[in-house]
Amino acid sequence: MKLYKLFIDGKWVNSTSGKTFASENPATLKPIGKFYSGNKNDVDKAVKAARKAFPKWSETPAPSRGEILFKVAQLLRRDKERLARIMTQEMGKVLNETRGDVQEAIDMFEYTAAEGRRLFGFTTPSELKNKFAMTIRVPIGVCALITPWNFPIAIPSWKIAPALVCGNTVIFKPSSDTPLCAYELVKILIEAGVPDGVVNLITGSGNEAGEALVKHPDIDMISFTVSISTGEYITKNAGLKKVGLELGGKNPIIVMDDA
């Protein structure tokens, strides 16, 4: 069974823990690969890599960053069927659904790539004489992106593409139920020309890798999609980071006794 590594600073590396976990086909319960379980030390290395890469990436003109994202979209379109079949194998959606999942990522990278030429600021009239008031957009910094299993290529694209086009660097932690989809997406990002350290992949549990990302003092933003309880934990423990949460529980249903 193949062992898949972490991706830090442009290299596929072992976890310092040496621990692994298996991703299983939910239909057969047979393992499809072993993945390293990242820990705090691995997160520290990924954060250092992302911080080191940030100045050069953030100074790269936004249209040039967008060109790389256009290439990602092209590669996703090239590999759409292969990625859809991997997704069905790893998390169980039927092929029509997994093809749609990959198509969302294609659409997102294309749309966001074009934003590289539309990162407009604003000018506004000043209340003072002889004053010029304006705003410009600047990157946030190092962003930790934590994603769920149910849309394992689409949801990462919603987070990764905007972060990159705006000049941020990324540490991507996918669900432990779908690490192979994340691995394949990162391979495409590398092939498209994303520089070393700009995107880093940490697989592993929320208790170790996830908590280390939430509490790390040199991460500037956390973006998380899954549960309300974990979202509450992140809010309480993220410190001064910017926090973006997409949580469940917003559509309650009341089932009456006579249903």
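Residues numbered from 1 in each chain as written. Predicted model: local features only at pLDDT ≥ 70, side-chain atom pairs only at ≥ 80, totals over all residues. Heavy atoms only, no water.

**Student:** Summarise the nonpolar core; cite the residues concerned and give the values.
**Tutor:** In terms of nonpolar packing, the biggest core is built from 45 residues, with Leu76, Phe109, Ile160 and Leu164 touching the most fellow members. When neighbours within four sequence positions are excluded, Leu164 is seen to be in contact with Trp57, Arg65, Leu69, Val170, Leu189, Val194, Val198 and Val199. (Core = buried A, V, L, I, M, F, W, Y, C linked by side-chain atoms within 4.5 Å. Buried < 20%, exposed > 50% of the residue type's maximum accessible area, 1.4 Å probe, protein only. Contact = heavy atoms within 4.5 Å.)

**Student:** Report on the sheet that holds strand β1 (residues 3–4), specifying residues and quantitative values.
**Tutor:** The three strands are arranged β1-β5-β4 in an open sheet whose pairing can be described as mixed. Of all the strands in the sheet, just β1 and β4 (20–24) have a single pairing partner and so form its edges. Alignment of β4 against strand β5 (residues 31–36), held across five bridges, turns out to be antiparallel. Residue pairing for β5: Thr20 is matched across the bridge by Tyr36. Along the sheet, helix α6 (residues 179–192) makes contact with β1, β4 and β5, crossing β5 at roughly 70°. (Pairing = 2+ DSSP bridges. Helix = DSSP H or I, 4+ residues; strand = E, 2+ residues; numbered from the N terminus. Axes fitted to C-alpha atoms, helices over the stretch in contact; angles between N-to-C directions.)

**Student:** Provide a residue-level description of the packing of aromatic side chains, including the pertinent values.
**Tutor:** Overall, the coordinates contain five aromatic pairs when judged by the stated rule. Each ring, one from Tyr4 and one from Phe35, has its centre 4.7 Å from the other, and the planes form 10°; the classification is stacked. Taken as a pair, Tyr4 in strand β1 and Phe35 in strand β5 lie far apart in primary sequence, 31 residues in all. Summarising the burial analysis for this pair, Tyr4 and Phe35 share the class buried. Residues Tyr4 and Tyr183 carry aromatic rings whose centres are separated by 4.7 Å and whose planes lie at 75° to one another, so their mutual orientation is edge-to-face. Here the residue Tyr4 occupies a position in strand β1, and Tyr183 occupies one in helix α6, the gap between them amounting to 179 residues. Of the two residues examined, Tyr4 and Tyr183, each falls in the buried class. Through successive ring pairs, a cluster of aromatic residues spans Tyr4, Phe7, Trp12, Phe21, Phe35 and Tyr183. If you follow Lys93 out to its NZ or CZ, it ends over the ring of Phe151, 4.0 Å from the centre. (Phe/Tyr/Trp six-rings, centres within 6.5 Å; stacked < 30°, edge-to-face > 60°. Lys NZ or Arg CZ within 6 Å of the ring centre and 35° of its normal.)

**Student:** Help me get a handle on the pairing of strand β8 (residues 142–146), residues and values and all.
**Tutor:** The buried count for β8 comes to five of five residues, which makes it a mostly enclosed element. Here β8 shows no split at all, with Val142, Ala144 and Ile146 on one side and Cys143 and Leu145 on the other all buried. With five bridges connecting them, β8 and strand β9 (residues 169–173) associate as parallel partners. If you follow Cys143 over to β9, its bridge partner there is Val170. The pairing of β8 with strand β11 (residues 221–226) spans four bridges and is classified as parallel. Looking at the pairing, Cys143 lines up with Met221 of β11.

**Student:** Can you tell me about a nonpolar patch on the surface, naming the residues and giving the values?
**Tutor:** A surface patch of nonpolar side chains, about 480 Å² in accessible area, is lined by Phe132, Met134, Ile136 and Val138. With respect to the helices and strands, Ile136 occurs in the loop between β7 (133–135) and β8. (Patch = residues over 30% accessible without salt bridge, like charges linked within 9 Å, V, L, I, M, F, W, Y side chains within 5 Å. Areas by Shrake-Rupley, 256 points an atom, 1.4 Å probe, with all protein chains shown as cover. Salt bridge = Lys/Arg side-chain N within 4 Å of Asp/Glu carboxyl O.)

**Student:** An account of the state of the cysteines is requested, with residue identities and associated values reported.
**Tutor:** The term disulfide refers to a covalent linkage connecting the sulfur atoms of a pair of cysteines. Enumeration over the complete set of coordinates arrives at zero disulfides. Here Cys166 stays unpaired: no disulfide links it, and the sulfur of Cys143, its closest cysteine neighbor, is 9.0 Å away. By relative accessible area, Cys166 is classed as partly exposed at 31%. (Disulfide = S-S within 2.5 Å.)

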